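# Descriptive structure summary
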Amino acid sequence: MCWAVPLRLVEVSGQAGKVELAGTLREVGLQLISEPQVGDYVLVHAGFAIQKVDQQEAEETLRFLAEVFAGREEA
Amino acid sequence: MKYVDEYRRPDLVEDLVRQIRRRASGLDRKVRFMEVCGGHTMAIGRFGIASLLPERIELLSGPGCPVCVTPTTYVDKAIELTSDPSVLLTTFGDLYRVPGSAGTPEEACERGADVRVVYSPRDALGIADSNRQRLVVFLAIGFETTAPTVAATVLEASRRGIANFRVMSGHKTMPEALRALVQAPGIALDGFILPGHVSTVIGPEPYSFLAREFGMACCISGFEPTDILQSILALLEQTLTGEPIVQNEYRRAVRPGGNAVAREEMMKVFEPAAAQWRGLGLIPRSGLDVRAEWGGFRVEPPDPAVPSQEHASCQCSEVLRGRARPTACPLFGKRCTPQSAVGPCMVSSEGACAAYYRYGSVRFEG
């Protein structure tokens, strides 16, 4: 039930905004995050954005996996 | 889908599995890790993760399915409320088919009660707004992930003057339950795969006692295959080195301090309260109730001291504590199926029993 999906914020107006899901727009509450910006990826749970996805950390994790394990192959 | 598909890359999955197998060969005994969150249970089943693991690593499901730990007294009270015809109940779909001692909200609906399934508390508020003559009660269950969304909705109801909106809080908080779980006799665990989105809100710090006081390896995990495998590898490393900490392998969603804005909203509306957990019993300060200041939006929840009434053969309370696998229950797959569930672990799509039923026990037991 604690499911949350990363979706792109395409509209921000006051305490609500719209995210894109499979080509359709859905309204989400933005009261729970600070400074939402159009273009942010947000984790959506029960109709609210509960956090912004940290894009740098997201890429870092993938880079770590790819590099570290590629390096260990030969070990 | 961005931030999803990348974490399912087969080559990365293979690398991680190989690495886990290599490290597990250094184990001199079987280790047991509990995935606390129902979302993790579902992902483990869906992606067949347990079947990729070496025999020495065992995964157990925990109490992190909000519907599964909601006591029958809560469902009973919700249905009782509908004896007043002005009451319109709104609920997440997960709770709609959970049996109390006198049937499910769905059955109450079939008998004429007005019960509506919503995706978001925002939708419940919308129903209240367009039905001002009715008393619209939202059945507020869920952990720290969900409680802030309900809090924000209460604050919005107040701001917009929607005075016929109510919540009956069955909210629960995770760290206190994990403390009760590790203190309970007969549970031998080496570590926890900690919930991802609860941690998005509360951050890693509230779990630190698990490592410090109880020597549990801990890792906060995302929900995709590489996330879960990376967390299992982290738990394995901690177990092998004997240095338990709370590691965070879901950094794209979990900041060091969690989400302070969400916590602030949550604690503006709610305060800690005792809660009754199916499987774990009464735990002090493990729930959230609406503060007196917002009492106008509150429906009194059932007395937390009253235990949940279980079917005599139902093993949900053992399953929720990781003491029995779903397949050990005499009702599993016979009297109790997702179509006609006896216990809450079969009703909720993310309950351990439902996951075993859907994906097959072999995917969990390897």
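This paragraph deals with the overall build of chain A. Helices and strands together make up the secondary structure of chain A, namely 1 helix and 5 strands. In sequence order, the secondary structure elements of chain A are arranged as β-β-β-β-β-α. With respect to the three principal axes, the spread of C-alpha positions in chain A is 55 × 25 × 25 Å. Burial analysis of chain A (75 residues in total) assigns 39% to the buried set. For chain A, the share of sequence-separated contacts (at least 6 apart) that also reach a separation of at least 24 residues comes to 31%.

The interface is formed by 28 residues belonging to chain A together with 41 residues belonging to chain B. Those elements that provide at least two residues to the side of chain A that touches chain B are β4 (41-45), β5 (48-52) and α1 (55-72) of chain A. Of the residues forming the side of chain A that touches chain B, the biggest block, 8 residues, is contributed by α1 of chain A. A per-class count over the side of chain A that touches chain B returns 18 nonpolar, 7 polar and 3 charged.

We now examine unusual backbone geometry. Residue and element names in this part refer to chain A. One non-glycine residue, Glu-35, adopts positive backbone phi at about 50°. Relative to the elements of secondary structure, Glu-35 occurs in the loop between β3 (24-29) and β4. Its identity as a non-glycine residue notwithstanding, Ala-46 has a phi of 50°, on the positive side. Its place among the elements puts Ala-46 in the loop between β4 and β5.

Residues and elements named next belong to chain B. Read from one edge to the other, the open sheet built from 4 strands follows the order β4-β3-β5-β6, with strand pairing classed as parallel. At either end of the open sheet lies a strand with only one pairing partner, and these are β4 (115-118) and β6 (165-169). Pairs of neighbouring strands in the sheet enclose a mean axial angle of 30°, with direction left out of account. Of the strands in this sheet, β3 (87-92), β5 (135-140) and β6 touch helix α4 (residues 72-81), which is tilted by about 145° from β3. On the sheet, helix α7 (residues 121-130) packs against β3, β4, β5 and β6 and is oriented at approximately 170° with respect to β5.

All right, on to the environment of Leu-139 of chain B then. Inspection of the secondary structure assignment puts Leu-139 of chain B in strand β5. Each C-alpha atom of the pair Leu-139 of chain B and Val-75 of chain B lies 9.1 Å from the other, and the pair is 64 residues apart in sequence.

Moving on, we come to the sheet that holds strand β1 (residues 31-37) of chain B. Adjacent strands of a sheet pair through backbone hydrogen bonds, lying either parallel or antiparallel. Residues and elements named next belong to chain B. Strand order in the open sheet formed by 5 strands is β2-β1-β7-β8-β9, with parallel pairing between adjacent strands. Every interior strand has two partners, whereas the edge strands, β2 (57-64) and β9 (246-248), have only one. In this sheet, adjacent strand axes meet at a mean angle of 25° when their direction is disregarded. Of the strand pairs in this sheet, strand β7 (residues 191-194) and strand β8 (residues 217-220) are connected by 4 bridges, and their pairing is parallel. Among the inter-strand pairings, Phe-192 is bridged to a residue of β8, identified as Cys-218. Contacting β1, β2 and β7, helix α2 (residues 38-46) runs over the sheet at an angle of about 115° to β1.

Within helix α13 (residues 260-269) of chain B, burial applies to Ala-262, Glu-265, Met-266 and Val-269 of chain B. An end-on view of α13 of chain B places all buried positions within 100° of arc, on one side of the element. Exposed side of α13 of chain B, more than 90 degrees from the buried face: Ala-260 and Glu-264 of chain B are the residues found there. Turning to α13 of chain B, the residues buried within the fold contact β5 of chain A together with α8 (147-159), α10 (196-202), β10 (270-277) and β11 (281-290) of chain B.

As paired strands, β10 of chain B and β11 of chain B are joined by 7 bridges and run antiparallel to one another. Looking across to β11 of chain B, one finds that Phe-270 of chain B is bridged to Val-290 of chain B.

Bringing the confidence of the model for chain A into the picture now. For chain A, per-residue confidence averages 90 on the pLDDT scale, and 91% of positions sit at 70 or higher. No element of chain A has a lower mean pLDDT than α1 of chain A, at 82, and none a higher one than β5 of chain A, at 98.

The next subject is the confidence of the model for chain B. On average, residues of chain B score 95 in pLDDT, and 100% of them reach the 70 mark or higher. Reported confidences for the modelled complex are a pTM of 0.95 and an ipTM of 0.94.

This next bit is on the nonpolar core. Counting 134 residues, the largest nonpolar core has Val-42 and Ala-49 of chain A together with Phe-192, Cys-218, Cys-345, Met-346 and Cys-353 of chain B as its most contacted members. Look past the residues within four positions of Met-346 of chain B in its chain and what remains in contact with it is Cys-336, Thr-337, Pro-338, Ala-341, Gly-351, Cys-353, Ala-354 and Tyr-357 of chain B.

On to the packing of α8 of chain B against α13 of chain B, then. All names here are of chain B. In the contact formed by α8 and α13, the axes pass within 8 Å of each other and the chain directions differ by 60°. Here α8 and α13 pass one another in a crossing that is left-handed. Residues Ala-147, Pro-148, Ala-151, Ala-152, Val-154 and Leu-155 of α8 form the contact with α13, whose participating residues are Ala-262, Glu-265, Met-266, Lys-268 and Val-269. Class assignment of the residues belonging to the contact of α8 with α13 gives a composition of 9 nonpolar, no polar and 2 charged.

Calculation rules
Residues numbered from 1 in each chain as written. Chains lettered and ligands numbered in written order. Predicted model: local features only at pLDDT ≥ 70, side-chain atom pairs only at ≥ 80, totals over all residues. Helix = DSSP H or I, 4+ residues; strand = E, 2+ residues; numbered from the N terminus. Buried ≥ 20, exposed ≤ 12 C-beta atoms within 10 Å, placed from the backbone. Contact = placed C-beta atoms within 7 Å. Nonpolar A, V, L, I, M, F, W, Y, C, P; charged D, E, K, R; others polar. Pairing = 2+ DSSP bridges. Axes fitted to C-alpha atoms, helices over the stretch in contact; angles between N-to-C directions. Arc of directions from axis to C-beta. pLDDT = per-residue confidence, 0-100. Core = buried A, V, L, I, M, F, W, Y, C linked by C-beta atoms within 7 Å. Left-handed = near helix turned anticlockwise from the far one by under 90°.

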